[in-house]
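# Structural overview for review
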Amino acid sequence: MKIYKTQAEIQRYINAKRSLSIGFVPTMGALHDGHLSLVNKALIENELCVVSIFVNPTQFDNPNDLKKYPRTLQKDASLLQTVSDKVLIYAPNATDLYGSEIKSRHFKFGPIAKEMEGAFRHGHFDGVGTVVSLLFDAVKPSSAYFGEKDFQQLQIIKKLVQIEKYNIQIVGCDIVRERNGLAKSSRNTRLSEKQFDEAALIYKTLKEVKQKWGSISISSINEYVKKVFKQHNGLELEYFVIANEATLKTVKRKRNTNTYRAFIVVFSGEVRLIDNLSLGQG
Ligand code: PAF
């Protein structure tokens with residue numbers, strides 16, 4: 001499989017295929033079934049699929065997380081080769097993508113960027129916005145595919161498209177899960193077998209939250225989740241919130257005209273695991 005390493009190369013190829021619709025799947029590599037579900041959707045809806053593989057330094061606020069992020073380009077290429085010959089990889093290096101200054105732009109994403117990941121990972125969404133806009137400029141896709149595991153990121157990208165006036169359709173795709181319910185993530189490869197098994201508690205707890213949603217108050221649900229993770233030595237809760245799905249604002253009391261979602265981040269050792277589940281209306 002051909003791996004395009006520079007903007008000049010990928011643009012030459014794409015310009016030659018200008019009449020074809022391009023579905024784009026931006027990734028940081030270490031591909032798994034979650035990514036493949038995005039690629040398959042992109043292939044159903046487009047004539048070509050470009051997968052970018054780039055571990056973006058500007059979206060990491062933790063240098064250790066950046067250093068330990070799995071990098072498996074050849075394995076990723078072999079995996080994509082089994083999917084279709086209509087898939088190609090764009091794997092630039094940082095200087096080719098950013099130029100000589102590898103830094104974030106500042107975006108006015110508004111209140112949605114201040115909640116949850118925005119509050120806990122300083123500068124994260126400016127880093128994501130910067131790299132995604134650079135990638136969109138390089139690939140010029142018709143549609144781009146993002147997983148709902150990073151639900152807040154998906155809303156940020158939709159906002160980015162509005163701000164930058166891109167003519168790109170943003171498609172959100174369902175979370176793909178491991179057999180034990182853990183959301184698929186490239187970071188899962190850093191978990192030991194024991195940690196992987198323990199991490200099943202995250203989705204189990206989200207499902208319990210959904211069951212309790214109709215019958216107990218949000219503050220009781222919050223207390224319940226804190227208690228579950230306090231009782232578990234191997235997993236440390238960073239945050240759990242129930243938020244309005246449209247505004248992403250944390251809510252204390254529900255209204256039955258709004259739609260809500262539960263969001264959670266848990267550390268297993270050094271590995272940060274993120275998940276969410278739709279709760280439906282209040
Ligand atoms: O979701 C990811 O893997 C990354 O945040 C993305 C969208 C590829 C930008 O680096």
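Structure's up top.
Described in the following lines is the structure provided in the data block. (Residues numbered from 1 in each chain as written. Predicted model: local features only at pLDDT ≥ 70, side-chain atom pairs only at ≥ 80, totals over all residues. Heavy atoms only, no water.)

## Focus: the sheet that holds strand β9 (residues 271–281)
The antiparallel open sheet is built from three strands, whose spatial order is β7-β8-β9. The open sheet terminates on both sides in strands that have one partner only, identified here as β7 (235–244) and β9. If you compare each strand with its neighbour and ignore which way they point, the axes differ by 15 degrees on average. Sheet analysis places β7 next to strand β8 (residues 259–268), joined by nine bridges and oriented antiparallel. Along β8, the bridge assignment pairs L235 with S268. (Pairing = 2+ DSSP bridges. Helix = DSSP H or I, 4+ residues; strand = E, 2+ residues; numbered from the N terminus. Axes fitted to C-alpha atoms, helices over the stretch in contact; angles between N-to-C directions.)

## Description of the site of the ligand
Close to the ligand lie P26, T27, M28, N56, Q59, V131, F146 and Q153. A distance of 2.6 Å is found between an oxygen atom of the ligand and a side-chain nitrogen or oxygen belonging to Q59. Within the side chain of Q153, a nitrogen or oxygen atom sits 2.7 Å from an oxygen atom of the ligand. Look at the ligand: alone it shows 290 Å² of surface, and the protein chains cover 89% of it. Within the shell around the ligand, the residues separate by chemical class into four nonpolar, four polar and no charged. (Near = heavy atom within 4 Å. Polar contact = N/O pair within 3.5 Å; in protein donor to acceptor, adjacent residues only side chain to side chain. Areas by Shrake-Rupley, 256 points an atom, 1.4 Å probe, with all protein chains shown as cover. Nonpolar A, V, L, I, M, F, W, Y, C, P; charged D, E, K, R; others polar.)

## A few points about the sheet that holds strand β4 (residues 87–90)
Taken in spatial order, the six strands line up as β1-β4-β3-β2-β5-β6 in an open sheet, and their pairing is parallel. The open sheet has two free edges, formed respectively by β1 (3–4) and β6 (169–173), since each of these has just one partner strand. Judged from the six bridges that link them, strand β2 (residues 22–27) and strand β3 (residues 48–53) form a sheet pairing that is parallel. Bridge assignment links P26 to a residue of β3, and that residue is S52.

## Remarks on the environment of Y260
Positionally, Y260 belongs in strand β8. Taking the C-alpha atoms as reference points, Y260 and N244, 16 residues apart in sequence, are found 4.6 Å from one another. From its side chain, Y260 meets the backbone nitrogen of R255 in a polar contact 2.8 Å long. Polar contacts involving the side chain of Y260 include one to the side chain of N258, which spans 3.4 Å.

## Some thoughts on the packing of helix α7 (residues 124–139) against helix α8 (residues 151–164)
α8 packs onto α7 with a crossing angle of 55 degrees between their chain directions and a minimal axis gap of 10 Å. Regarding the angle of α7 to α8, the classification is oblique. Judged by the sense of rotation from one axis to the other, the crossing of α7 with α8 is right-handed. Along its contact with α7, which presents F125, V128, G129, V132, S133 and F136, the element α8 presents Q152, Q153, I156, I157, L160 and V161. Residues belonging to the contact of α7 with α8 are distributed by class as follows: eight nonpolar, four polar and no charged. (Parallel < 35°, antiparallel > 145°, perpendicular 65-115°, else oblique. Left-handed = near helix turned anticlockwise from the far one by under 90°. Contact = heavy atoms within 4.5 Å.)

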